[in-house]
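# Structural overview
Here are the chains, one letter per residue:
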Amino acid sequence: QKYARAPKGYQPVHAIEEGERREAGKTITKNRGLVPHRSKEKKNPRVKHRIKYEKSKTKQRTSYYGRQERLDRGAYGGEATGIKANISRSRKL
């Protein structure tokens, strides 16, 4: 009796008597239907907005206002080291 195993399989908490209805499960009571999969970051609003902010920062950096500093270098002046004639990086068909 001391080391007896519990019986395998589903054991109801309480038996349903004649004429009595059982309670609805969690999935039925929630009534969510088909919900698209969301990543871990999207479920946490703080992290979601943090990522959104980082994205907008990179967009702003690459926009016109972010490029203004780089525009004052002048026109293209050619290759600084020159073009090496003995190197070919093209594909031969």
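For the structure, see preceding data.
### Comments concerning the overall build of the protein chain
The helix and strand inventory of the protein chain stands at 4 helices and 0 strands. Traced from its N-terminal end to its C-terminal end, the protein chain shows the element sequence α-α-α-α. Total accessible area computed for the protein chain in this model is approximately 10,900 Å², and 52% of it derives from carbon and sulfur atoms.

### A closer look at unusual backbone geometry
For residues that are not glycine, phi is negative in most cases, and the peptide bond is trans in most cases. Residues other than glycine seldom take positive phi values, yet N31 does so here, at roughly 55°. By the element assignment, N31 lies in the loop between α1 (26-30) and α2 (40-43).

### A short note on a positive patch on the surface
Side chains of K26, K30, R32, R38, K42, K43, K48, K52, K55 and K59 sit close together on the surface and give a patch of like positive charge. Elements with a minimum of two residues in the positive patch: α1, α2 and α3 (45-62). Top element by residues in the positive patch is α3. It accounts for 4 residues. Tracing the chain through its elements places K30 in helix α1.

### Details of α3
With 18 residues, α3 ought to run about 26 Å at 1.5 Å a step, and its terminal C-alpha atoms sit 26 Å apart, in line with that. Within α3, only 1 of the 18 residues are buried, which leaves it mostly out in the open.

Calculation criteria
Residues numbered from 1 in each chain as written. Predicted model: local features only at pLDDT ≥ 70, side-chain atom pairs only at ≥ 80, totals over all residues. Heavy atoms only, no water. Helix = DSSP H or I, 4+ residues; strand = E, 2+ residues; numbered from the N terminus. Areas by Shrake-Rupley, 256 points an atom, 1.4 Å probe, with all protein chains shown as cover. Patch = residues over 30% accessible without salt bridge, like charges linked within 9 Å, V, L, I, M, F, W, Y side chains within 5 Å. Salt bridge = Lys/Arg side-chain N within 4 Å of Asp/Glu carboxyl O. Lys, Arg positive; Asp, Glu negative; His and termini not counted. Charge placed at Lys NZ, Arg CZ, Asp CG, Glu CD. Expected span 1.5 Å × (residues − 1). Buried < 20%, exposed > 50% of the residue type's maximum accessible area, 1.4 Å probe, protein only.

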